[in-house]
Amino acid sequence: MIWIKNVHVIDPATRTEQDMDICIEDGIISGMGTDQNPPGAGTSKNDVVIDGTGLIAAPGLVDVHVHFRDPGLTYKEDIQTGARAAAKGGFTTVVCMANTKPPVDNIETLEYVKKEGEKTGIHVLHAAAVSKGMKGRELTDMEALAAHGAAGFTDDGIPLMDAELVKTAMEKAASLNLPLSFHEEDPALIENNGINHGAVSDQLGIYGSPAEAEDSLVARDCMLALHTKAAVDIQHISSAASVRMVQFAKDLGADVYAEVTPHHFTLTEEAVLSYGSLAKMNPPLRTEADRMAVIEGLKNGSIDIIATDHAPHSTEEKARPLLEAPSGIIGLETALGLGVTTLVRQGHLTMMQLLEKMTINPAKLYRLDCGMLKTGGVADLVIFDPKEEWTAGEYVSKSSNSPFTGKKLFGKVKYTICKGKIVYQDEQD
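So, how was this worked out
Residues numbered from 1 in each chain as written. Predicted model: local features only at pLDDT ≥ 70, side-chain atom pairs only at ≥ 80, totals over all residues. Heavy atoms only, no water. UniProt positions renumbered as here; feature names shortened; annotations may be inferred. Phe/Tyr/Trp six-rings, centres within 6.5 Å; stacked < 30°, edge-to-face > 60°. Lys NZ or Arg CZ within 6 Å of the ring centre and 35° of its normal. Helix = DSSP H or I, 4+ residues; strand = E, 2+ residues; numbered from the N terminus. Buried < 20%, exposed > 50% of the residue type's maximum accessible area, 1.4 Å probe, protein only. Contact = heavy atoms within 4.5 Å. Disulfide = S-S within 2.5 Å. Salt bridge = Lys/Arg side-chain N within 4 Å of Asp/Glu carboxyl O. Lys, Arg positive; Asp, Glu negative; His and termini not counted. Polar contact = N/O pair within 3.5 Å; in protein donor to acceptor, adjacent residues only side chain to side chain.

An unreviewed UniProt entry lists the chain under the name Dihydroorotase, with Lacrimispora defluvii as the source organism. Of the chain, the UniProt comment under Catalytic activity (unreviewed entry) reads exactly: "(S)-dihydroorotate + H2O = N-carbamoyl-L-aspartate + H(+)". UniProt, in the comment section headed Sequence similarities (unreviewed entry), describes the chain in these words: "Belongs to the metallo-dependent hydrolases superfamily. DHOase family. Class I DHOase subfamily."

This is how it looks when you write it as structure tokens:
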């Protein structure tokens, strides 16, 4: 049994925000309230009593966009190390992308990653590829992949340029009641990916990736989503115009979600000058106006989800010259801290709103029965100190490619509990 005493519970699913006790037995929340003292609690050596004074308990965080690099690229990350990084960051559920080697475009690979995920202490789900070989020419057997447990479909990392194929994929996904997640960057409009086309790229003497590369595909897929009735996730949104297009599609009745990463609401293109390849990602960090537009999108509901796009790379890969280094950064271990520090403490979102974007909203997109706290429900929780300052670093991920290393953040994860078991505990406790 785990007894969490006098903790401040915030649950966006039920709009609960109050001090209470939580009792967990046999993996289930057995009681929540102001008088949950279980008889004999703490008397067994197997019982755990947590003093929650000054701490927040929330549903375990849900990240619908991670790369665990398994199979094929496990020198960067594997499913076990990725899951440990997730647990340290407060995440109890993650959805892995399909761009492994080989990609998750067949039942055999899907079964492998599912079995590896089951060995971890958290819920590791897997999206399957939209197209065979992620080549954008022929659809996978989406029905068979769904039957074998695919959580959704995505060719993340590679934009789908064939509008007819995208429309057909949306129709199939809608019939399966599963979401599609899209990486929106038209390569025809990009010369050097990972860096915004703007003042900084001009200073570096390169062209970069303009916002219209993102905007054009977001517009297309929002309208296709409207007409097919598919649930569509616009991944890692970064431009002001794209945020407005998502809201326009929502207003028309489209089942469109948008996600934003912590790095896109925290940093701008200027970070490339300070951090080099550690600030290189697809889509790129854009202008301060774009950053504020995505924050406004979080505030007004245009953007539903905060997702990390956790993208591990080796130190050697990121040490290459800027135009040769791969795009992407790790994010699971810093996401909550960046949300508390950049969004809550700066007055952009309430803690309830931040947690909504990191729990119930991503769970709704992927039709998951999680992201909430309820008596009788599975005990997936994060317990964190919103006021504790800590320094990013000492990652449990295999990789350390982050521009936030050494940054002072607020919001320290103290415990992550998944299926009633403590899967992470701050070493200071």
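Having seen the model, we can carry on.
A. Here's a closer look at the packing of aromatic side chains. Evaluated as defined, the whole model comprises zero aromatic pairs. For K250, the ring lying beneath its charged end belongs to Y257, and the centroid distance is 5.8 Å. If you follow R345 out to its NZ or CZ, it ends over the ring of F410, 3.5 Å from the centre.

B. Expanded view of the UniProt feature "active site" (unreviewed entry) in the chain. With numbering aligned to this structure, UniProt lists the feature "active site" (unreviewed entry) at D309. Tracing the backbone shows D309 in the loop between strand 13 (305-306) and helix 11 (315-318). In this structure D309 comes out as buried when scored by relative accessible area, which is 10%. The contacts of D309, once residues within four sequence positions are left out, are H65, H67, D156, H236, T261, N282 and I329.

C. Broad picture of the UniProt feature "binding site: Zn(2+) 1" (unreviewed entry) in the chain. Listed under "binding site: Zn(2+) 1" (unreviewed entry) in the UniProt record, and renumbered for this structure, are H65, H67, D156 and D309. Taken together, the annotated residues stretch across 245 residues yet fold into one region, lying no more than 9.8 Å apart by C-alpha. Inspection of the secondary structure assignment puts H65 in strand 6 (residues 61-66). Residue classification places H65 among the buried residues on the basis of a relative accessible area of 0%. What H65 contacts, discounting residues up to four positions off in sequence, is V95, M97, D156, Q235, H236, E259, A307, T308, D309 and H310.

D. Quick peek at the state of the cysteines. Under the definition given, this model contains zero disulfides. Free of any disulfide, C96 has its nearest cysteine sulfur in C418, 14 Å distant. Looking at C96, the relative accessible area reads 3%, which means it is buried.

E. The arrangement of the pattern of salt bridges in detail. As enumerated under the stated definition, the model contains 16 salt bridges in all. Beyond isolated ion pairs, a larger network of salt bridges with shared partners links E388, K412, K414 and D426.

F. The side chain of D105, seen in detail. Structurally, D105 is set in the loop between strand 7 (91-96) and helix 2 (107-118). It is K132 that comes nearest to the buried, bridge-free D105 among opposite-charge side chains, at 8.2 Å. Here G133 takes part through its backbone nitrogen, which lies 2.8 Å from a polar atom of the side chain of D105. Contacts of D105, omitting those with residues within four sequence positions, involve A129, S131, K132, G133, T140 and L145.

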